[in-house]
Amino acid sequence: MAEAHQAVAFQFTITPEGIDLQLSYQALNQIYLSGVRSWKKRVSRVRNSLIKGVYPASPSSWLFVSIAILATMYMRSDPSMGLITKIQHHLPLSLHMSLSAQGQTMLSALVFSTLLWLSLILALRFCLKLLLSYHRWMFEQHGRVSNFTKVWVTLLGLLSSRKPLLYSYQTSLPHLPVPAIKDTLSRYLRSVRPLLNDLEYKRMSELASDFEKNLGNRLQRYLKLKALWATNYVSDWWEEYIYLRGRGPIMVNSNYYGMDFLYVTPTSVQAARAGNTITALLLYRRKVNREELKPSRVPGTVIPLCAAQCERMFNTTRTPGEETDVLQHWQDSEFVAVYHKGRFFRLWVYRAGRLMSPRELEYQIQKILDDPSPPQPGEEKLGALTAGDRIPWAQVRKQYFSSGVNKRSLDVIEKAAFFITLDDEEQGMRGEDPAGNLDRYAKSLLHGKCYDRWFDKSFSIVIYKNGKNGLNAEHSWADAPTVAHLWEYTLATDAFHLGYTEDGHCKGEVEPLLPHPQRLLWDIPLEVQAQQCSSLAVAQALADDVDCHIVHFRDFGKGRIKKLRVSPDAFVQISLQLAYYRDRGSFCLTYEASMTRLFREGRTETVRSCTNESAAFVKALENGEDEESCRRLFRLASETHQNLYRMAMTGAGIDRHLFCLYVVSKYLGVDSPFLKERSSAQSNRACYLAKSSVLPSFSKEYLSQVKTGVYLVLSEPWRLSTSQTPIQQIELFDLKNHPDYVSLGGGFGPVADDGYGVSYIITGEDMINFHVSSKHSCNQTDSHRFGAQISKALKDIMTVLSSSPKVQSKKLL
């Protein structure tokens with residue numbers, strides 16, 4: 001192949017006259033330019049390490065301190081109170097002999113200035129950490145901010161006035177606190193009260209009390225010891241036991257998806273959409289590498305969020321193991337892996353040390369689309385190995401992909417910046433059945449054909465034949481808001497900054513003599529092909545069982561909800577409680593994902609959205625009580641939900657603490673009736689944790705629910721698992737001038753076999769999109785039916801709240 005010859009820097013042959021050395025100057029030039037790019041990145045990393053290492057000060061502040069000290073000494077004053085003289089006495093003898101007395105004084109003053117500067121930096125960082133540890137501001141009512149909080153905001157603004165890099169705040173973020181066990185148990189009992197009858201609740205209370213007095217305190221001491229030592233007492237165990245130890249398929253159960261714009265497709269040319277999408281993603285990677293991204297903050301504030309999850313966004317793969325998977329991350333990658341019609345390709349994205357233009361990438365992608373070569377034996381469905389159970393994939397990988405041509409090709413996929421599928425189908429809201437096509441679009445992104453995605457990659461991009469695109473993300477390395485931030489930037493950059501020509505192609509020119517995309521070569525034996533069929537059968541059964549439905553709600557959005565002085569998230573969550581009660585005739589344990597990124601290396605916490613207050617409102621509304629009572633109960637339920645959300649964000653949640661207590665108990669080899677209690681009000685299908693005297697061991701049924709943190713510390717199934725997709729960069733989208741450029745958000749597979757998975761995105765002022773998933777195999781669930789119940793619940797609650805005399809008088813005014 002021509003590209004293989006171009007990759008060789010030199011060749012030699014032995015002749016009777018000697019060695020004939022043949023240099024490829026083009027290849028040597030490419031090696032040189034690649035090395036220059038690599039060294040530029042190293043220099044940039046060193047520079048960034050220095051800048052963020054002294055934040056909130058700046059490296060130039062050292063010069064200011066030094067000049068101030070020297071100027072003071074010039075005025076015959078000693079600002080060091082004798083320390084400079086002591087430093088001078090302790091200078092090495094060689095410096096005493098080589099420097100004059102004035103030079104020794106000058107050097108000693110510079111040493112003192114440096115020490116003083118470092119001390120000031122440590123003091124500033126300590127102050128910043130103290131300020132970021134204050135969270136009472138979150139619990140104050142809007143418009144009633146205390147004087148203490150006002151002073152806190154001012155001080156935090158002063159210390160954050162310098163433009164920070166992406167990771168500037170990392171070492172100043174506080175550590176996640178370990179809640180008091182008494183508080184956690186009290187909150188837990190309150191959360192399960194609407195789900196238990198009096199007898200069941202009494203028994204659970206007795207078990208909790210016994211646990212607190214005996215085993216609980218012992219486990220708590222070990223957990224506090226870990227919190228003192230570890231950066232975050234939850235995150236490493238969470239990643240290990242909730243994600244990486246899962247032995248079941250990660251497709252559907254763990255991976256999730258993100259969708260394209262709802263109404264528009266910037267171009268119908270598949271190769272052009274791929275070219276711009278790849279460029280936008282690599283521009284984002286450049287910003288991450290250079291730390292040029294602004295640190296994420298709590299919306300509307302200067303309070304930073306942890307950025308640690310960005311570190312493994314690109315060049316990362318989850319590799320299978322027989323007992324546990326491993327996340328592998330590489331510092332850099334100059335290529336992406338591409339799949340099209342059963343063939344795998346390596347596509348170089350840099351040329352002569354520069355990022356290829358979108359037009360050049362489009363040209364390269366078109367080469368792949370036009371390539372008529374058939375798949376090699378066993379190549380077409382190779383991706384099915386990543387979609388099935390983990391143990392067979394680990395065994396096959398170890399035996400057949402650890403050397404030779406298979407290892408070289410697999411390395412290309414695993415070390416690629418990300419994975420791209422050029423899908424030969426058309427998707428999107430189109431045709432005579434737009435709603436049905438949206439549902440099929442969601443299912444396609446969630447699992448595809450079960451072999452045309454590489455589910456182990458940190459994320460995979462799907463470009464459809466009609467130019468529609470989407471994303472499938474692996475969950476262990478980061479949570480959805482991190483990926484959503486990337487995807488928002490990608491969509492906005494593609495549509496508004498890179499753009500397309502009038503005929504739908506990428507802008508720019510194509511450099512001649514571009515290296516062609518490289519076909520990956522495989523030698524796949526029949527044993528591996530047989531395992532592909534087995535993994536594909538497992539994955540296909542799982543995919544066929546998923547029922548996805550998208551609810552495109554346009555009756556109202558957050559604009560109208562906010563006019564009622566109600567939190568949009570609380571409004572939606574209470575609506576989901578009403579919808580579920582109408583759908584199933586009962587309440588269930590409800591999971592809502594909340595972030596803990598106010599703390600270093602924080603990930604998620606659970607908000608238990610089914611509360612006594614929300615249950616009381618739902619029952620009152622369904623029993624036909626007067627509207628004033630319903631409004632009062634709704635306000636109370638909304639305030640309770642908001643308080644639970646704030647507590648989860650500030651480290652006072654329930655479930656992560658109980659999870660870690662359980663892990664400690666397994667390490668110690670002790671059992672607790674409280675942690676193992678199964679309520680008779682719960683489903684018989686409750687997951688369980690297998691016993692282990694050394695390490696926590698998790699059942700296959702349990703591990704199939706890792707997507708939303710469904711673990712069985714208390715043997716409880718989450719029949720309603722919910723998550724909001726936040727819009728974090730609204731400034732990137734001009735919805736006034738481009739109202740059609742709104743995103744559908746994304747979704748995930750069902751968590752429980754007899755439950756629903758609901759993801760929602762509150763877009764603009766007048767739209768809420770829901771992604772509902774369930775399983776066909778359960779005759780009690782139906783995604784379309786539940787979606788209709790959600791729409792009806794939203795409208796009914798809005799009707800009740802809007803009938804308030806205060807609201808009616810405002811409308812008249």
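Please refer to the structure placed before this passage.
For every chain, the first residue of the written sequence is number 1, and numbering continues from 1 onward in sequence order. Side-chain atom pairs in this predicted model are given and counted only at pLDDT of 80 or more, local residue features only at pLDDT of at least 70, and totals for whole chains, interfaces and linings cover all residues. Working from all heavy atoms in the structure, the side-chain values ignore hydrogens and water.

Draft legend 1. Structural detail: the environment of L732. Helix numbering and strand numbering both begin at the N terminus, where a helix is a DSSP run of H or I of at least 4 residues and a strand a DSSP run of E of at least 2. Within the secondary structure, L732 sits in the loop between strand 19 (720–724) and strand 20 (746–748). Placed 244 residues apart in sequence, L732 and E488 show a C-alpha to C-alpha distance of 7.9 Å. Contacts: residue pairs with any heavy atoms within 4.5 Å of one another. Filtering out sequence-adjacent residues up to four positions away, L732 remains in contact with E488, Y489, A492 and F496.

Draft legend 2. Just the packing of helix 20 (residues 568–584) against helix 22 (residues 627–649), in detail. To get an axis, fit a line to the C-alpha atoms, keeping to the stretch in contact for a helix; angles then go from 0 to 180 degrees between the N-to-C directions. Running from N to C, helix 20 and helix 22 point in directions that differ by 110 degrees, and their axes come no closer than 9 Å. Considered as vectors, helix 20 and helix 22 are oriented roughly perpendicular to each other. Considering how the two elements wind past one another, helix 20 and helix 22 form a crossing that is right-handed. Together, D569, A570, F571, Q573 and I574 of helix 20 and F634, A637, S638, H641, Q642 and Y645 of helix 22 make up the contact between the two elements. When describing relative orientation, an angle under 35 degrees is termed roughly parallel and one over 145 degrees roughly antiparallel, while 65 to 115 degrees is termed roughly perpendicular and anything else oblique. If you view the pair so one helix is near and one far, a crossing is left-handed when the near helix is turned anticlockwise from the far one by less than a right angle, and right-handed when it is turned clockwise.

Draft legend 3. A look at the sheet that holds strand 6 (residues 335–340). Strand order in this open sheet of eight strands is 13-7-6-10-11-12-3-20, and the pairing throughout is mixed. On the outer flanks of this sheet lie strand 13 (518–519) and strand 20, each paired with one strand and no other. Of the pairings in the sheet, the one linking strand 3 (residues 256–259) to strand 20 comprises three bridges and is antiparallel in character. Its bridge partner being in strand 20, Y256 is matched across the sheet by F748. Packing against the sheet, helix 12 (residues 358–370) makes contact with strand 6, strand 7 (343–348) and strand 10 (419–422), and its axis sits at approximately 160 degrees to strand 7. Taken strand by strand, helix 17 (residues 480–498) contacts strand 3, strand 11 (459–463) and strand 12 (469–473), and its axis lies near 160 degrees from that of strand 12. Only strands that DSSP links by at least two bridges are regarded as paired with each other.

Draft legend 4. Broad picture of the packing of aromatic side chains. Aromatic pairing here means that ring centres of Phe, Tyr or Trp (its six-membered ring) are within 6.5 Å. Orientation follows from the plane angle: under 30 degrees is stacked, over 60 is edge-to-face, and everything else is tilted. Applying the stated rule across the entire model yields 36 aromatic pairs. The interplanar angle of 70 degrees and the centroid separation of 6.0 Å between the aromatic rings of F571 and F634 together place this pair among those described as edge-to-face. On the criterion of sequence distance, the pair formed by F571 in helix 20 and F634 in helix 22 is long-range, its members being 63 residues apart. Each member of the pair, F571 together with F634, is buried. The aromatic ring of F335 is capped on one face by R346, whose charged end is 5.0 Å from the ring centroid. When accessible area is computed with a 1.4 Å probe and restricted to protein chains, residues below 20% of their type maximum are described as buried, those above 50% as exposed, and intermediate ones as partly exposed. For a ring to carry a charge above it, either NZ of a lysine or CZ of an arginine must fall within 6 Å of the ring centroid while also lying within 35 degrees of the normal to the ring plane.

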